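# Per-entry structural report
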Amino acid sequence: MDFFLILIPIFSIFALGYIGQKKIGFETKTISTMALYLMSPVLVFRTFYTTTFTITYVYMALYTFALCFSLIAVVYLIAYIRKYSVKETCGMILASSFMNNGNYGTPVVLLLFGAAGLDYAIILMVIQQLVMCTVGVYYAAKGSEEGDGVRAAIRAVKRMPIVYGAFLGFLLQAFHIDLGKSMTQAIDMVADAAIPTVMIVLGMQLAKISIKNFEREKVSLSLLTKLAISPCIAYLITLFLPVDEMIKQIMIIMAAMPTAANTTMYALQFNTEPEFVSSATLVSTTLSLATLPVTFFIVL
């Protein structure tokens, strides 16, 4: 029952965006751009500014990148067999290779492991954010009809302020620079608003999805990759990592999370299969109500 109580506020925020879009109507791309370029960098900056890193975090970063590229390899194999276009492949990568470690995974870990696991969950969330704003943006831009392939994708990654926010936060912490109470409060206000804004944008995008355009085959393959193959790959990777058993359990559980809400922002920003990515996010989040308890039973 506690698990479902965690999901109620998550789905409520999705519903808020959905209802707002249906009843009022918003320019979702403008709002997603604001969240992507103004709010998310502040969230990442705060984490890197306030966290003291150890060798364990290095292993966690290696794990995150290894899992991401393993899932991308699986998607390329599926795309080769199904003869997907570049745009379809990039959309599938966005829907299948990045998990919702923030507004979903982190509270779940808090419930399962308490405060002891929360710090590790937050770090995994931030590393995942960095992967999404580099690798994720690369594939979102690569699949854009307006870009020129790889070069446009690389330029898009260079323009992502999240990377610079992480670097600046780490730099200020390394030199023990105190920002003061007033500045810290301002940073907290923006950082705390970032994830809810992303969730509301996802709800708005879901309101635009047409059932007629629902791509069952692609969504099913994405769900298989994200909810089943991903935790299996995560388990194999953790076998080679010299980290605490609890951290390994958190890694596997995080890998079983549904599609990240941020990928909807990227798909919308670059017009890379936004309806498909939004559909995969919605269905995977709903289906996780059944798949996550199975993962808990196996892992814990």
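Since we're looking at a predicted model, the values are computed, not measured.

Thresholds applied
- Residues numbered from 1 in each chain as written.
- Predicted model: local features only at pLDDT ≥ 70, side-chain atom pairs only at ≥ 80, totals over all residues.
- Heavy atoms only, no water.
- Helix = DSSP H or I, 4+ residues; strand = E, 2+ residues; numbered from the N terminus.
- Buried < 20%, exposed > 50% of the residue type's maximum accessible area, 1.4 Å probe, protein only.
- Contact = heavy atoms within 4.5 Å.
- Expected span 1.5 Å × (residues − 1).
- Bend = angle between axes of the 7 residues up to and from the residue.
- Salt bridge = Lys/Arg side-chain N within 4 Å of Asp/Glu carboxyl O.
- Axes fitted to C-alpha atoms, helices over the stretch in contact; angles between N-to-C directions.
- Parallel < 35°, antiparallel > 145°, perpendicular 65-115°, else oblique.
- Left-handed = near helix turned anticlockwise from the far one by under 90°.
- Nonpolar A, V, L, I, M, F, W, Y, C, P; charged D, E, K, R; others polar.
- 1 Å grid on protein atoms, 1.4 Å probe; cavity = no way out; pocket = protein on both sides within 12 Å on 5 of 7 lines; lining within 4 Å.
- Points joined across faces, edges and corners; volume = space filled by probe spheres on them.
- Patch = residues over 30% accessible without salt bridge, like charges linked within 9 Å, V, L, I, M, F, W, Y side chains within 5 Å.
- Areas by Shrake-Rupley, 256 points an atom, 1.4 Å probe, with all protein chains shown as cover.
- Core = buried A, V, L, I, M, F, W, Y, C linked by side-chain atoms within 4.5 Å.

### Re the side chain of Gln128
- With respect to the element layout, Gln128 can be found in helix H6 (residues 115-142).
- Of the residues examined, Gln128 reaches a relative accessible area of 3% and is grouped as buried.
- Dropping the residues within four chain positions of it, Gln128 is found in contact with Thr64, Phe98, Met99 and Asn101.

### Quick notes on helix H2 (residues 28-50)
- The terminal C-alpha atoms of H2 lie 32 Å apart, and with 23 residues this matches the ideal 33 Å at 1.5 Å per residue to within 8%.
- A bend of about 35 degrees at Met39 is the largest found in H2, and the proline Pro41 appears one to four places after it.

### Some points on the pattern of salt bridges
- Scanning all chains against the criterion turns up five salt bridges.
- Two residues, Glu273 and Lys218, come together in a salt bridge whose shortest N-O distance is 2.4 Å. With Glu273 in the loop between helix H12 (262-270) and helix H13 (274-299) and Lys218 in helix H10 (residues 216-238), this residue pair connects regions lying 55 residues apart in the sequence. Like Glu273, the residue Lys218 is buried in the burial classification.
- Counted as one network, the salt bridges with shared partners bring together Arg46, Asp188 and Asp192.

### Notes on the packing of helix H4 (residues 86-96) against H10
- One way to put it is that H4 packs onto H10 with a least axis distance of 9 Å and a crossing angle of 40 degrees. What the angle tells us is that H4 and H10 run oblique. As for how H4 packs across H10, the hand of that crossing is right-handed. Contacts between H4 and H10 involve Glu88, Met92, Ala95 and Ser96 on the former and, on the latter, Lys218, Leu221, Ser222, Thr225 and Lys226.
- Classifying every residue of the contact of H4 with H10 by side-chain character gives three nonpolar, three polar and three charged.

### What about helix H3 (residues 55-82)?
- Helix length check: H3 (28 residues) gives 41 Å between terminal C-alpha atoms against 40 Å at 1.5 Å per residue, within 8%.
- Packing partners of the buried residues in H3 comprise H4, H6, H10 and helix H11 (245-255).
- Just beyond H3, the residue with positive phi is Lys83, at close to 60 degrees.

### What to know about empty space enclosed by the protein
- Across all of its chains, the model carries two cavities of 30 Å³ or more by this definition.
- In this structure, the second largest cavity encloses a volume near 40 Å³.
- Lining the second largest cavity are Tyr63, Thr64, Leu67, Met99, Asn101, Leu124, Gln128 and Met254.
- The set of elements that each furnish at least two residues to the lining of the second largest cavity consists of H3 and H6.
- Considered class by class, the residues forming the lining of the second largest cavity number five nonpolar, three polar and no charged.

### Side note on the environment of Ile177
- In this fold, Ile177 is placed in the loop between helix H8 (161-174) and helix H9 (181-206).
- The sequence separation of Ile177 and Tyr49 amounts to 128 residues, and the corresponding C-alpha distance is 9.4 Å.
- Not counting the four nearest positions on each side in its chain, Ile177 is found in contact with Tyr49 and Leu172.

### Section: a nonpolar patch on the surface
- Where nonpolar side chains cluster on the molecular surface, the patch consists of Phe167, Leu168, Leu171, Phe175 and Ile177 and spans about 500 Å² of accessible area.
- By the secondary structure assignment, Phe175 is in the loop between H8 and H9.

### Section: the layout of surface pockets
- Volume-wise, the largest pocket comes out at about 380 Å³.
- Lining the largest pocket are 18 residues, with Pro231, Ile252, Thr295, Ile298 and Val299 positioned closest to its centre.
- Counting residues per element, the ones that place at least two in the lining of the largest pocket are H10, H11 and H13.
- Examining the composition of the lining of the largest pocket, we find that seven residues originate from one element, H10, more than from any other.
- Considered class by class, the residues forming the lining of the largest pocket number twelve nonpolar, four polar and two charged.

### Here we look at the nonpolar core
- Of all hydrophobic cores here, the largest spans 87 residues; its most connected members are Met60, Tyr63, Leu67, Phe98 and Tyr266.
- Top contributing element to this core by residue count: H6, with 16 residues.
- With residues up to four places along the chain from it excluded, the contact list for Tyr63 reads Leu124, Ala234, Ile237, Thr238, Leu241, Met251, Ile252 and Ala255.

### So, unusual backbone geometry
- Of note in this structure, Lys83 is not a glycine but carries a positive phi near 60 degrees.
- By the element assignment, Lys83 lies in the loop between H3 and H4.
- One non-glycine residue, Asn271, lies in positive phi territory at about 55 degrees.
- Tracing the backbone shows Asn271 in the loop between H12 and H13.

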